[in-house]
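Here is what each chain is made of, one letter per residue.
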Amino acid sequence: MSLNHIPVHYSDRRRRWLDSFARRLISSCGMAILLLMMLLFFWLIWVVLPLFSSPSLHQGQAQPLQDKSPLVALGNSGSVGWRIGASGNAALIPLDKPSTGSILPLNAPIQSATVAADQQSMLLRTAQGVLLLQVDTTSAQAQWRFPLGDKPLSALGNAGQPLALAKCGPNCWRMAQANAQGIQVITYRDSDIPEILNIPQRHADKLLLSPRGTLLYTLDGQLLRVWSFPGTVPHLREIHSLPRIPQSLHLLSGGESLLIQDATGISQWFAISGEQGPRLREVHRYAESSGEALLFTEINRRVFATLTAEGEFKLFASKQDVPIMQRKLDVGIAGAAFSPNGDALLLERAGSWQRDKLDDPWPDVNWRNFWQKIWYENYPKPDWVWQSTAAGDSYQAKFSLVPMVTGTLKAAGLALLFATPLALAAAMYTAWFMSPGMRRWIKPAIEMMGALPSVVVGLIAGLWMAPHIGDALPGVLLLPVTLTITLLLCGRFGKRWQRAGRELLVLLPILLAVALLTLWLPGRFLPDVSIWLPHYAQRNLLVASLAMGFALIPLIFTLAEDALFSVPASLGQGSLALGATPWQTLTRVVLPGASAGIFAAMMIGFGRAIGETMILLMASGNTPQTSGGLFSGLRALSANIAIEMPEAASGSAHYRILFLSALVLLVFTLVINTLAELIRQRLRQRYSQHEGQG
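First, a word on scope: everything that follows refers to the structure included in this document. (Residues numbered from 1 in each chain as written. Predicted model: local features only at pLDDT ≥ 70, side-chain atom pairs only at ≥ 80, totals over all residues. Heavy atoms only, no water.)

If you trace the four strands from one edge of the open sheet to the other, you get 23-24-25-26, paired in antiparallel fashion. Two strands lie at the open edges of the sheet, namely strand 23 (294-297) and strand 26 (325-328), each paired on one side alone. Geometrically, the sheet is characterised by an average inter-axis angle of 15° between neighbouring strands, direction not taken into account. Where strand 24 (residues 303-307) lies against strand 25 (residues 312-317), five bridges are found, and the strand directions are antiparallel. Bridging across to strand 25, Val 303 finds its partner in Ala 317. (Pairing = 2+ DSSP bridges. Helix = DSSP H or I, 4+ residues; strand = E, 2+ residues; numbered from the N terminus. Axes fitted to C-alpha atoms, helices over the stretch in contact; angles between N-to-C directions.)

Pasting the structure below:
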């Protein structure tokens, strides 16, 4: 026992106060860090949570109508609603202020109305003929227009026959009508002379034109025909025999999806490319949909709703097979229409209008859609797809997180597979075999590699390493084998020139020469191997993993070397004294004692790889896909956030889904670190007896 006593002046009041202050300061900083992490976690949840809120419908006030005649057609332009009554009155009624609006008398009862996909143009059939009427909302005050004059169209004179209408361009309308001779497709442009195409189909129960007028769907009993207009001659693209007679045909936003309503419900069809060109195929059948209900669609989104005579209202989205909302409304609703933005629902009942507020900002967003395969329009099969933007206005965003999660795990796993053997081998040699003089130089030099910015590593990998790997691909793949064989041969036959602790001085030039020869020689016999590969991308998983593995080596090396070096020296000395070789001592005594620290080093390196951004952003090709191999591109969660956050509109679904990606990344990192800490504690308890002996 030591007889040295602590001087009395070391325990004075000032020292106790400094100890207490330091303890409180450190505790406060630790609590502040934990609080900051919790605040970050809950803030991400607060931003993401509105994505999963259920749609809601809020009842509005009733607005009496001046025209009490039966409803023929109804529309909602946002601030103005329009109505066509059977008595021959066309009304425009403001929805944002109490007003009776303006009425345009058409001087003839309306027999039927055919509304185009834009919900602004319509064909009205009267006893005198057919009129083309349009709602003009471009001016300060909405008004009715007769684009082709207020006289009945002479080319459309057959009463009782089905009609179809599409606005095929500025001042261009395409109409279709069935008659006894067949189907006439009439196109009105700026000139007064219409262009007429005759389709040799004797009978049609229903007609439907695509929004641009490029396709015509005709229904004759259970036969569905699709006609296209590549030129002046119509072309019959396909014929389908449906199992049941449809009640109605509708198009979703963009005109790519066809909704067929029959006695059993509603199904979605869209074209899939094949050997004979695009062909319609039934993709979805919506559960709980009704074949007898009134069906109406949104203009700008792939959303539709059904309304039964009993007031059963159901809201559907194209990506989901079941209704996203169900409500019981009052009976007696004669018609309904969505607003252009889908945020309001206009209902007509008993001579009055009611404008209900609809809260459904992201109908396509569903937790399962982020992880399940979705069959998107024109895709050959269901798949995981991320494509947030496109040039077309009718584009349907695709937000699957699976490609980014897969890319993150593939890149991090392969980088760890590359970095771990090198870093651990270097740590074992440095801590156990290297001479102290060399260790004082080598260890700081490797640690300084960790200070290299990741953007510089990514720049070198993307601009210099990627093309060189493509040119020397066979040598790159053979490099691990040749270096391993070289090390084994040097260890077997190089005992004469080995100097304890200084083998690196001899081995390094040999390994460098073998590496250069391996990279150069196969390329002389097998040039341009990357061109032979069918799906080779210059910036691929291999390039990104090598670059990220290079960035992980200093981190794993430093932590593992410290863990090995911190094992009590008495354990190794005792093993050597008992006759064990240095290698046996390392593998059976030192490594088990340092296993907890080594495992922690690997998990910290894996966490660094999961969150890496710039290297993957610059060296991976940023291709969101799940099926790519070693020579295909990928996209990680962190890189996806960095790429798309600047262009995401604040508060949009895209914006919040990117925050969801950050939340998934954070949760994944926390789970991995928690599991790693549990395993590390188990390893530490398992080998705690060695520490006690030290």
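Let us now look at the packing of aromatic side chains. A complete count under the given rule lists 18 aromatic pairs for this structure. Seen from their ring centres, Trp 82 and Trp 144 are 6.4 Å apart, and the 75° between their planes marks the pair as edge-to-face. You can see Trp 82 sitting in strand 4 (residues 80-85) and its partner Trp 144 sitting in strand 10 (residues 143-145), a full 62 residues away along the chain. Relative accessible area serves as the criterion here: at 0%, Trp 82 is assigned to the buried category. Where Tyr 286 meets Phe 304, the ring centres are 5.1 Å apart and the plane angle is 75°; that geometry is what we call edge-to-face. Here Tyr 286 is found in strand 22 (residues 277-286), whereas its partner Phe 304 is found in strand 24, with 18 residues between them in sequence. Ring pairs connect the aromatic residues Phe 52, Trp 367, Phe 370 and Trp 371, which therefore count as one cluster. Directly above the aromatic system of Trp 384 lies the positively charged group of Lys 373, at a separation of 4.7 Å from the ring centroid. (Phe/Tyr/Trp six-rings, centres within 6.5 Å; stacked < 30°, edge-to-face > 60°. Buried < 20%, exposed > 50% of the residue type's maximum accessible area, 1.4 Å probe, protein only. Lys NZ or Arg CZ within 6 Å of the ring centre and 35° of its normal.)

Inspection of the entire model under this criterion finds 16 salt bridges. The closest approach of N and O atoms between Asp 262 and Arg 285, which form a salt bridge, is 3.6 Å. Here Asp 262, found in strand 20 (residues 257-262), pairs with Arg 285, found in strand 22; they are 23 residues apart in sequence, far enough to count as distant. Here Asp 262 falls in the buried class, since its relative accessible area comes to 4%. Connected through salt bridges with shared partners, the residues Arg 439, Lys 443, Glu 447, Glu 561 and Asp 562 form a single ionic network. (Salt bridge = Lys/Arg side-chain N within 4 Å of Asp/Glu carboxyl O.)

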